[in-house]
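# Descriptive analysis of the structure
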Amino acid sequence: MKNEFVKICRVSDVYNRKGKSFRLDDENEIALFKVNDVIYAVDNVCPHNHTPQIYDGYIEDMYVACPMHGFRFHLETGEQPTKAGCRLRTFEVMISGDEVYVKKPHKKRFDFHF
Ligand code: FES
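A brief structural summary. (Residues numbered from 1 in each chain as written. Predicted model: local features only at pLDDT ≥ 70, side-chain atom pairs only at ≥ 80, totals over all residues. Heavy atoms only, no water.)

### Here we look at the overall build of the protein
Counting its regular elements, the protein contains zero helices and twelve strands. Counting helices and strands in the order they occur from the N terminus, the protein gives β-β-β-β-β-β-β-β-β-β-β-β. A globule of 114 residues ought to have a C-alpha radius of gyration of about 13 Å, and the protein, at 13 Å, matches this closely. Once the C-alpha set of the protein is aligned to its principal axes, its extents read approximately 40 × 30 × 20 Å. Expressed as a percentage of the 114 residues in the protein, the buried residues total 40%. Contacts in the protein between residues far apart in sequence, at least 24 positions, make up 43% of those at least 6 positions apart. Approximately 6,600 Å² of the protein is accessible, and the part contributed by carbon and sulfur atoms is 48%. (Helix = DSSP H or I, 4+ residues; strand = E, 2+ residues; numbered from the N terminus. Rg over C-alpha atoms; globule rule 2.2 N^0.38 Å. Buried < 20%, exposed > 50% of the residue type's maximum accessible area, 1.4 Å probe, protein only. Contact = heavy atoms within 4.5 Å. Areas by Shrake-Rupley, 256 points an atom, 1.4 Å probe, with all protein chains shown as cover.)

### Some words on the pattern of salt bridges
Under the criterion given, the structure shown has eight salt bridges. The closest approach of N and O atoms between Arg-72 and Glu-60, which form a salt bridge, is 3.2 Å. Residue Arg-72 is located in strand 7 (residues 72-74), and its partner Glu-60 is located in strand 5 (residues 58-60); the two are separated by twelve residues in the primary sequence. On the basis of relative accessibility, which here comes to 28%, the residue Arg-72 falls in the partly exposed class. What emerges from the salt-bridge pattern is a single network uniting Glu-4, Glu-92 and Lys-103. (Salt bridge = Lys/Arg side-chain N within 4 Å of Asp/Glu carboxyl O.)

### Observations concerning the sheet that holds strand 10 (residues 93-96)
The sheet built from three strands is open, its strands ordered 1-11-10 with antiparallel pairing. Sheet topology places strand 1 (5-10) and strand 10 at the edges, where each strand pairs with a single neighbour. Each adjacent strand pair in this sheet contributes to an overall mean axis angle of 30 degrees, direction not counted. Both strand 10 and strand 11 (residues 99-103) contribute to a ladder of four bridges, which runs antiparallel. (Pairing = 2+ DSSP bridges. Axes fitted to C-alpha atoms, helices over the stretch in contact; angles between N-to-C directions.)

### Regarding the sheet that holds strand 6 (residues 63-65)
Judged by pairing direction, the sheet is antiparallel, and its three strands sit side by side in the order 5-6-7 without closing on themselves. Looking along the sheet, the strands with just one partner apiece sit at the ends: strand 5 and strand 7. The mean angle between the axes of side-by-side strands here comes to 30 degrees, regardless of whether they run parallel or antiparallel. Pairing between strand 6 and strand 7: three bridges, direction antiparallel. What sits directly across from Val-64, in strand 7, is Phe-73.

Shown next as structure tokens:
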């Protein structure tokens, strides 16, 4: 089980409401956010125009707004407020001591809902 998770950084490396990007593996770049002291991991590549800048997004409530065109995605579910259209991938986070681990995905890169 633990080998499905990749050690990303220390808990203290992630600041409240400020994103940071990391490589999860060869295929996946993720953005970590801390909101209300909980760390969330999402795809750093926006599903709208495939821009790798989600880490620089603005946090409002539980949503991150992509800095390119402002699409908003829920940090837990990756869904937009309307629950329609493209969805941002989310990843399971595990904290062990002061270290943040993120689970490698099994699914394809993008997940669309129509
Ligand atoms: S690239 Fe993210 S909203 Fe367009």
